[in-house]
Amino acid sequence: MQIFFGTYFYHLDEKSRLILPQKMRDIIGSRCYVTKGFDNCLCLYPEETFIELSEKNARLNELVPEERTYKRTFFASSMDYEFDKVGRITLSKDHLARAHITKDVVVVGNYDHVEIWDKDIYSQVSANDDASFEANAKVIAQKEDKIYGRLIAQG
């Protein structure tokens, strides 16, 4: 599996087309899937990753309200796109509205997927993320130490 990383700044054209970096397109291939993400972004997945995620979400319990709602929103907000000859996708009006995207876009690699953000929203989220980065690292390290310590004790 190839990893998505990096931050890129783009503008949508008049037809709501977005170009992705060539190195990301090389990993994704000719078709991708976009769905609602967290914190007002869109998540773009290569086909194989999207299928795996869809299969996992399909197993959510319809009798549990949180699972039912998440499943419905995930599938209702998902669309497939094909890249044109110059590597663009035309984002739907629904996707643009869900992520509050107007013109300026930030494309962010996030391990197994790509996030698509409105520039102003990303600036706010990124500032908060940067401010809490070290504190979050400490929480994660403590959690990892507890898990690692349990595994050693179980031997």
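Think of each chain on its own: its residues are numbered from 1, step by step along the sequence as written. Per-residue local features of the predicted model are confined to residues with pLDDT of at least 70, and side-chain atom pairs are confined, for both listing and counting, to 80 or more; whole-chain, interface and lining totals are unaffected and use all residues. No hydrogens and no water enter the side-chain calculation; it runs on all heavy atoms of the structure.

## A look at the overall build of the protein
Of regular secondary structure, the protein possesses five helices and eight strands. Its helices and strands in sequence order give the protein the pattern β-β-α-β-β-α-α-β-β-α-β-β-α, from N to C terminus. When accessible area is computed with a 1.4 Å probe and restricted to protein chains, residues below 20% of their type maximum are described as buried, those above 50% as exposed, and intermediate ones as partly exposed. Per-residue burial over the protein gives 35% buried out of 155 residues. Across the protein, every contact between residues at least 6 apart in sequence was considered, and the portion connecting residues at least 24 apart equals 60%. The accessible surface values rely on the Shrake-Rupley method and a 1.4 Å probe; as for residues, cover is taken only from the protein chains in view. Accessible surface, the protein: about 10100 Å² in total, of which carbon and sulfur atoms supply 53%. Under the scheme used here, helices are H or I runs from DSSP no shorter than 4 residues and strands are E runs no shorter than 2 residues, and both carry numbers assigned from the N terminus. Residues are treated as being in contact if the distance between any of their heavy atoms lies within 4.5 Å.

## Topic: helix α2 (residues 47-58)
Helix span, expected: 1.5 Å multiplied by one less than the number of residues in the helix. Over its 12 residues, α2 extends 16 Å from the first C-alpha to the last, a length consistent with the 16 Å expected when each residue adds 1.5 Å. Every buried residue of α2 is listed here: T49, F50, S54 and N57. All buried residues of α2 lie within an arc of 135° about the axis, which places them on one face of the element. Opposite the packed face of α2, turned more than 90 degrees from it, sit the exposed residues E48 and K56. Elements that come into contact with the buried residues of α2 comprise β3 (31-36), β4 (42-46) and α3 (65-76). Read the arc as the range of directions from the helix axis to the C-beta atoms.

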